[in-house]
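Observations on chain architecture
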Amino acid sequence: MNQDLPADVADALATLLSADTPVNVALRRQVPHLGVLERCTCGCGTAYFDLDTGKVEPAPTGPGTLVAAEAQLLTEAGECPGEVLVFTQGGYLSWLEVCSWSDDIDVTLSVARDWMQPRSTPERPASG
Ligand SMILES: [Zn+2]
């Protein structure tokens, strides 16, 4: 159990990295060593990670920045107000991004926890 990781981030990572793929398994092993460097100031919950890469094994993603896991948000009313993405750089957890597509629904990581629908698509290169 990692005391440094805020509960909303820890819960989101547990949901997002729940697949039994080699990449997810390796990334789950990094979580106990993970801290949060800074969070987005708008309150959305986006978090930039601090990870001692000397203490963990990289996930087998190869070099570069990838979307290692993602979840679409689906509310009880059937709306899709956004998504949550986990990015890795060189196989190491790098940041978690909360994206909002809605003008009406305030998407934050703490509310997103109840709405996350993890996708089973494999990791893909980050665009942009
Ligand atoms: Zn933000």
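To start, this report covers the structure provided alongside it. What you are looking at is a predicted structure, and each value in this text was computed from that prediction instead of being measured.

**A short note on the side chain of Thr-61**
- Checked against the element boundaries, Thr-61 lands in the loop between strand S2 (47-51) and strand S3 (65-73).
- In this structure the side chain of Thr-61 is engaged in a polar contact, spanning 3.2 Å, whose partner is the backbone nitrogen of Gly-91.
- Discounting residues that sit within four places of it in the chain, Thr-61 has contacts with Val-23, Leu-66, Thr-88, Gly-90 and Gly-91.

**What about the packing of aromatic side chains?**
- Scanning the entire structure with this criterion turns up one aromatic pair.
- Between Phe-87 and Trp-95, the aromatic rings sit 4.2 Å apart at their centres with planes inclined by 10°, giving stacked as the arrangement.

**Some thoughts on the coordination of the zinc ion**
- For the zinc ion, the full set of protein donor atoms is Cys-40 (SG), Cys-42 (SG) and Cys-44 (SG), and the range of their distances to it is 2.2 to 2.3 Å.
- Between the donor residues of the zinc ion, the gaps in sequence give the motif C-x1-C-x1-C.
- Residue classification places Cys-44 among the buried residues on the basis of a relative accessible area of 10%.

**Here's the deal with the nonpolar core**
- Leu-13, Leu-16, Phe-49, Val-84, Leu-93 and Leu-96 are the most contacted members of the largest nonpolar core, which has 33 residues in total.
- Among the elements of the structure, helix H1 (7-16), helix H2 (22-30), S2, S3, strand S4 (82-89), strand S5 (92-100) and helix H3 (109-112) are those that each provide at least two residues to this core.
- When residues of this core are assigned to their parent elements, the largest contribution, five residues, is made by H1.
- Setting aside its immediate chain neighbours within four residues, Leu-13 contacts Leu-5, Val-31, Leu-34, Phe-49, Val-86 and Leu-96.

**Structural notes on the pattern of salt bridges**
- This model, assessed by the stated rule, comprises five salt bridges.
- Between Arg-39 and Asp-8 there is a salt bridge, with the nearest N and O atoms lying 3.1 Å from each other. Residue Arg-39 is found in strand S1 (residues 34-39), and its partner Asp-8 is found in helix H1; the two are separated by 31 residues along the sequence.
- Accessibility expressed as a relative area gives 28% for Arg-39, which makes it partly exposed.
- Residue Asp-8 is classed as buried on the basis of its relative accessible area of 16%.
- The partner of Lys-55 in a salt bridge is Asp-52, and the shortest N-O contact between them spans 4.0 Å.
- Accessibility expressed as a relative area gives 59% for Lys-55, which makes it exposed.
- A relative accessible area of 39% places Asp-52 in the partly exposed class.

The rules behind these values
Residues numbered from 1 in each chain as written. Predicted model: local features only at pLDDT ≥ 70, side-chain atom pairs only at ≥ 80, totals over all residues. Heavy atoms only, no water. Helix = DSSP H or I, 4+ residues; strand = E, 2+ residues; numbered from the N terminus. Polar contact = N/O pair within 3.5 Å; in protein donor to acceptor, adjacent residues only side chain to side chain. Contact = heavy atoms within 4.5 Å. Phe/Tyr/Trp six-rings, centres within 6.5 Å; stacked < 30°, edge-to-face > 60°. Donors = N, O, S within 2.8 Å, 3.2 Å for Na, K, Ca; no water. Buried < 20%, exposed > 50% of the residue type's maximum accessible area, 1.4 Å probe, protein only. Core = buried A, V, L, I, M, F, W, Y, C linked by side-chain atoms within 4.5 Å. Salt bridge = Lys/Arg side-chain N within 4 Å of Asp/Glu carboxyl O.

Everything listed here is a matter of coordinates, which is why it stays silent on function.
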